[in-house]
Amino acid sequence: MAQDTQTESRKLLGRLRDALAEDSAGQERLDKITSLIASSMGTEVCSIYLFRDDETLELCATEGLNPEAVHQTRMRVGEGLVGRVARASSVVNTDDAPNAKGFRYMPETGEEIFSSFCGVPVQRLGDNLGVLVVQSKEKRTFSLDEVYALEVVAMVLAEMTELGAFIGEGAAMSALHQQSEMFRGTSGQEGASEGHVWLHEPRVVVTNPVADDPEVELKRLNDAVEELRVGVDKMLDTAARGDKEQLDVLEAYRMFANSKGWMRRMEQDISRGLSAEAAVEMEQSAARSRMEQVTDAYLRERLHDLDDLSNRLLRILTGQGSETGAEMPSDPILIARNIGPGELLEYGRKLKGIVLEEGSVGSHAAIVARALAIPLVIHADKITTEALNGDHIMVDGDQGIVHLRPDDTVVTAFRDKIAMATQAQERYASIRDKDAESRDGQLVHLHMNAGLMADLPSLPTSGAEGVGLFRTELQFLIRNQMPKRTELAQLYGRVMDAAEGKRVVFRTLDIGSDKVLPYMAPQDEPNPALGWRAVRVALDKPGVMRMQLQALLRGANGRPLTIMFPFIAQYEEYTAARAEVDKAMERERILGHPLPETLEVGAMLETPSLGFAPKKFYEEVDFLSIGGNDLKQFFFAADRENERVRRRYDTLNVSFLTFLEGIVNRCIDTGTPLSFCGEDAGRPIEAVCLAAMGLRHLSMRPASIGPVKSLLRRVDLSEVRRVIHQAREQGDQSVRPAVMEYLRNGN
Ligand code: PEP
Ligand code: MG
């Protein structure tokens, strides 16, 4: 890079900073900036266009074009050369603008006489704020150095725009982070809520984009990068036994932290006059723009890693931690790129909603959000860049939609929706103590699923008869090390205390597949869902299972105890697991600890094979619970985690219902108590069909009990059964249309 352009650039940035520091109105500042840039670049024209809304750019200041056009001239993204810069987020540099692709003549500006055009995007961390343009009469192609200098200036402008330096009378100058926006994501947990934004990781604010002494800034950058490298190495040391994904991320961090190209670009930015933190942000912005264009999932992940690393570096440089002194609103809606289950639990029930840019339906955070019954939207692209602490926000967890800074019509419609949901809840509360008895007198028992102590308060309020499934893996998933036996025993004891004598079915640790413990070496398996998971792990490495069984016996402390083994695929697995329970009982007896008053040991039916297990199995097992989530994925060979296929096959498909009917009949023959505890039990239409097929115990999320009970009380189950049989006879693929039709006709 030529020494003189560097010096010129530094001088220009210094003058810009002075102009910004002056006590003047936003418009005056912008005017001054355009004239400074024009004179420094040796061009007749310099103009700044800012976004007025998502689609429109407005000329906000100019040196050289007709001043009357300011705040009058507007163009859509993609329109004209300015619009082209904005759409592609990339530079347009031509010495023959009138003949360049996309040129559009704006008569009010008087720009027809200018031949050369160079426009660069004004963007901050992937957020497009506007376009900076220089033009000249003389035919001139701006050199790479000059374009680069303009980009550095645009970066400072973006930073100042973000800080509100140009707020003024023009709508475009005040538009940033003020317009209403809608984000379409994916539903992670149903429910609707309204509140105010609380950023899990507030953005770092760079208040000093321009610096006087490049030497000082270079040293600051080098020191900070060194600190970063040491930090990453430390993380790698401690994570050495952790999971592969985490190691991959840290390795990528290390690679970037040692990347010469990354360092060199930041050093160049500094020699142009940027402060160390502004240089980091400039690189971060460039990486974000690249991210938009990359479709390869792996590369996107790596660019995300670079983004995270830049954030760490910015925090080191600015000394800004997560603590910004901001006060959490009373109705916080948490916004984050992603969040771990432990962190989410720390926030607990005070959150009114959660919106994540990443995440997956089966992620631990989603499991916790569900346990806490907090509406969750995942895959809300770019929400962390758009939302500011305190913004008004509405989260529709049913549809996976988020309204940020909603306008009045949205607010009214949304509040109506919340009011309707509240009314429905009131209706459900009124039948809370009534039986789920159908019109033809068939009684269905409704239980709730749980996984945290925090779930237990829902037991009395939901009207559940007991806990039909307590997923014990959450205590293992949310920490960094294996929980201790005494801790678990205490927790199980407290769960039973809270249940006040109602039955709690404790499912033993179900890990593997989508549930990976952070402190256990991950298995590199081609098909984890079909792999080494749940009871398979427990039987091969019985240490953890033994510890857990002991904790359950101690927690029960003489009270009745119900234990259920997950993912039993054949009879021998059940007998082997049961033998472990017997051994644990014997050990407790020898140690003189109280034994449970009664003990039930059951199995989850999650693989089709168990539907065809020997009669002996059905006779021996104390009870069976159908884990419909897993059973369905194996029945249809459709991964429950894969968005492309997971909804492809209907639970009410006749093949699946016929299979379930077979299991029900085998259980009737052998007198085996049977329940259903997959997600489908909590969906009213599905629940009614399951009950019609003979399932008399359904376990579901607490919030589903009201709607399921309400529908069950309104239907005649023998009639539903007749409708199902008829649809099957007719050769329907799914009984859903026939059942829906029957329900719609007022039955
Ligand atoms: C199931 O598979 O239906 C089930 C209840 O277990 P999980 O969802 O925890 O795998
Ligand atoms: Mg399962």
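The model shown is predicted, which means the values in this text are computed figures rather than measured ones.

Some points on the pairing of strand β16 (residues 443–450)
For step 1, the next point in the chain: Of all the eight residues making up β16, six are buried; the element is thus mostly covered by neighbouring parts of the structure.
For step 2, the next point in the chain: Bridge count between strand β15 (residues 436–437) and β16: two bridges; the pairing is antiparallel. Note that in β16 the partner of E437 across the bridge is L443.
For step 3, the next point in the chain: Hairpin connection between β15 and β16: a loop of five residues separates the two successive antiparallel strands, and G441 in this loop has a positive phi of roughly 80°.
For step 4, the next point in the chain: Here β16 runs beside strand β23 (residues 697–700); their pairing, made up of four bridges, is parallel. Note on β23: the bridge partner recorded for M448 is M700.
For step 5, the next point in the chain: Pairing analysis gives three bridges linking β16 to strand β17 (residues 467–471), with the strands arranged parallel. Pairing of N449 across the sheet is with L469, part of β17.

Re the site of ligand 1
For step 1, the next point in the chain: Around ligand 1 sit 14 residues, and of these R471, R507, G627, N629 and R640 come closest.
For step 2, the next point in the chain: In this structure, R471 approaches ligand 1 through a side-chain N or O atom, which is 2.8 Å from an oxygen atom.
For step 3, the next point in the chain: In the environment of ligand 1, an oxygen atom lies 2.7 Å from a nitrogen or oxygen atom belonging to the backbone of N629.
For step 4, the next point in the chain: A total of 290 Å² of accessible area belongs to ligand 1 in isolation, and the protein chains cover 99% of it.
For step 5, the next point in the chain: Elements that contribute at least two residues to the shell around ligand 1 include exactly β17 and α23 (628–635).
For step 6, the next point in the chain: Tallying contributions element by element places α23 first for the shell around ligand 1, with three residues.

Describing the coordination of the magnesium ion (ligand 2)
For step 1, the next point in the chain: Around the magnesium ion (ligand 2), the protein supplies E606 (OE) and D630 (OD) as donor atoms, at distances of 2.0 to 2.1 Å. Here E606 is found in the loop between β20 (599–605) and α21 (608–611), whereas its partner D630 is found in helix α23, with 24 residues between them in sequence.
For step 2, the next point in the chain: Taking the relative accessible area as the measure of exposure, E606 reaches 2% and is therefore buried.
For step 3, the next point in the chain: Exposure remark for D630: the relative accessible area of 2% places this residue in the buried category.

Some points on the pattern of salt bridges
Two side chains that carry opposite charge are able to pair once their charged atoms sit near each other.
For step 1, the next point in the chain: In the structure shown here, the tally under the stated rule is 48 salt bridges.
For step 2, the next point in the chain: In this structure, the salt-bridge partner of D630 is R533, at a minimum N-O distance of 3.0 Å. Taken together, the residues D630 in helix α23 and R533 in the loop between β18 (504–507) and α18 (535–540) connect sequence positions 97 residues apart. Here the two residues D630 and R533 agree in accessibility, since each one is buried.
For step 3, the next point in the chain: A cluster of three or more residues bridged by salt bridges with shared partners is formed by D307, D308, R337 and E358.

Calculation notes
- Residues numbered from 1 in each chain as written.
- Chains lettered and ligands numbered in written order.
- Predicted model: local features only at pLDDT ≥ 70, side-chain atom pairs only at ≥ 80, totals over all residues.
- Heavy atoms only, no water.
- Buried < 20%, exposed > 50% of the residue type's maximum accessible area, 1.4 Å probe, protein only.
- Helix = DSSP H or I, 4+ residues; strand = E, 2+ residues; numbered from the N terminus.
- Pairing = 2+ DSSP bridges.
- Near = heavy atom within 4 Å.
- Polar contact = N/O pair within 3.5 Å; in protein donor to acceptor, adjacent residues only side chain to side chain.
- Areas by Shrake-Rupley, 256 points an atom, 1.4 Å probe, with all protein chains shown as cover.
- Donors = N, O, S within 2.8 Å, 3.2 Å for Na, K, Ca; no water.
- Salt bridge = Lys/Arg side-chain N within 4 Å of Asp/Glu carboxyl O.

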